[in-house]
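Reading the structure
The chain contents come next:
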Amino acid sequence: MGGVALKKLAVALVILLAVISGCGSSTGPSDPGQGNCVAWFNGLGYTVDLYYPADGTLLSGAFVTGEAPNDIVLLDDGLVAVVNSLSSSITFFDPDQPGTIAAEIELPVGSNPYCACTDGSNLYVSCLMGESTGGPCVCVIDLATRQVTDEFRGLPNASGIAIASGRLFVSTQNYPDPSVRGTFVLDPGTGDILDTLATPTNTLTLRYFPETGMIHASSTTYQNDGAITIIDPSIPAVTATISTGGNPGLPCRLGTGFVAGNPWTFTGSVFFYDENGSVETHAAGFDISGVAAAGNTLFMTCFDSDIVLLMDASTWSPIDTLQTGDGPQGILIIPR
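Note that this is a predicted model, so its numbers are computed, not measured. (Residues numbered from 1 in each chain as written. Predicted model: local features only at pLDDT ≥ 70, side-chain atom pairs only at ≥ 80, totals over all residues. Heavy atoms only, no water.)

**Topic: the nonpolar core**
- Counting residues in hydrophobic clusters, the biggest one holds 18 residues, and the most contacted among them are Tyr-124, Val-138, Phe-152, Ile-161, Leu-168, Val-170 and Leu-186.
- Listing elements by their share of this core, those giving two or more residues are strand E9 (113-118), strand E11 (138-142), strand E13 (158-164), strand E14 (167-172) and strand E15 (183-186).
- Counting residues in each nonpolar core, the second largest holds 17 residues, with Leu-75, Phe-92, Val-125 and Cys-139 among its members. (Core = buried A, V, L, I, M, F, W, Y, C linked by side-chain atoms within 4.5 Å. Buried < 20%, exposed > 50% of the residue type's maximum accessible area, 1.4 Å probe, protein only. Helix = DSSP H or I, 4+ residues; strand = E, 2+ residues; numbered from the N terminus.)

Below, the structure written as structure tokens:
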């Protein structure tokens, strides 16, 4: 075994020994715990797990999703929406009612819905395969009626999506059409393309941070060329590109900075960066697919290890691990 592999194994063993006595208890769907909730979806298990840090309650398989969940969004009314790629559907859950589906919406078959965002009234869903299968690139769902009210067309490879400053931003992957590149600016009312921003090839995700007024775009071609592009939606324009290397995932806010996982690299690391271009790489011991922060505590999904790793971000040291369903990915904090 090479030196790098031995080092990774040693880090993983240290983390395991540090947290093995503190793993949360797992149950099936039952009564919610106390306080804020951490929710994540299991991309291979087609379930959502819930964890309540205040009392350590862990509800495994609290909800059943559609096939291949790929994004999770907290709505203004407290419901959670999960985007299901293979079943082309959106599933809505009430975190206070484990085991019950609040609603489910079917999208065009084969459209491969990928990511979603909300302006409070509507849910905008990008459809990766929509344009190539004769369907929409973005579906608009009225949250009051839970009906699809509009379908935008003319944009292939639709991937990440965010709404800010009265504009809808849709990033593009390099699949299925490898020639497509950039992030498109749309009128959210009509779907008309207003502008195109020069984000890197294969920009997978977008996230708007109202605290700074910026959108962060994560891109990678899986050749250690990962980058976070900062977009000012009010102009709109790209204001900075932060080279992280690796494969940065969807970031979360942490204090005055941001954290992004580095999945599919087998390096066991995460990125900590700010919008001015500073970036640090910290060891996690596991490949991190999704991140969420509550104060100085990071909750990080580990897709290939089927755990959520809790880390103290002030010292970048492990606190605990939680057992998950199969293939945990997207994660968020639900205030209660």
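Once the structure has been displayed, the description carries forward.
**Quick look at the side chain of Ser-171**
- Residue placement: Ser-171 occurs in strand E14.
- Setting aside residues up to four positions removed in sequence, Ser-171 forms contacts with Asn-157, Ala-158, Ser-159, Gly-160, Gly-182, Thr-183, Thr-203, Leu-204, Thr-205 and Leu-206. (Contact = heavy atoms within 4.5 Å.)

**Structural notes on unusual backbone geometry**
- Following Tyr-175, the chain continues into Pro-176 via a peptide bond in cis, with omega recorded as 5°.
- If you trace the backbone, Pro-176 turns up in the loop between E14 and E15.
- Going from Ile-235 to Pro-236, the amide bond is cis rather than trans, its omega being -15°.
- Residue position: Pro-236 is located in the loop between strand E19 (227-232) and strand E20 (237-243).
- Phi is positive for Tyr-46, which is not a glycine, with a value near 60°.
- As for its position among the elements, Tyr-46 is in the loop between strand E2 (37-42) and strand E3 (47-52).
- Backbone geometry at Ser-88 places phi at a positive 50°, although glycine is not the residue there.

**With respect to the sheet that holds strand E22 (residues 257-261)**
- Pairing in this open sheet of four strands is antiparallel, and the strands run E21-E22-E23-E24 from one edge to the other. Where the open sheet ends on each side, the last strands, each with one partner, are strand E21 (252-254) and strand E24 (279-283). Put simply, the sheet's adjacent strands are angled 30° from each other on average, direction ignored.
- Both E21 and E22 contribute to a ladder of three bridges, which runs antiparallel. Across the sheet, Cys-252 pairs through a bridge with Val-259, a residue of E22. (Pairing = 2+ DSSP bridges. Axes fitted to C-alpha atoms, helices over the stretch in contact; angles between N-to-C directions.)

**Side note on the packing of aromatic side chains**
- With the rule as written, the count across this model stands at six aromatic pairs.
- Judged by centre distance (5.5 Å) and plane angle (25°), the rings of Phe-258 and Tyr-273 are stacked. Highlighted residues: Phe-258 in strand E22 and Tyr-273 in strand E23 (residues 269-273), separated in sequence by 15 residues.
- For Tyr-273, a relative accessible area of 1% translates into the label buried.
- One aromatic cluster is present, formed by Phe-209, Phe-258 and Tyr-273 through successive ring pairs.
- Looking at Arg-146, its charged tip hangs above the ring of Phe-92, at a distance of 5.9 Å from the centre. (Phe/Tyr/Trp six-rings, centres within 6.5 Å; stacked < 30°, edge-to-face > 60°. Lys NZ or Arg CZ within 6 Å of the ring centre and 35° of its normal.)

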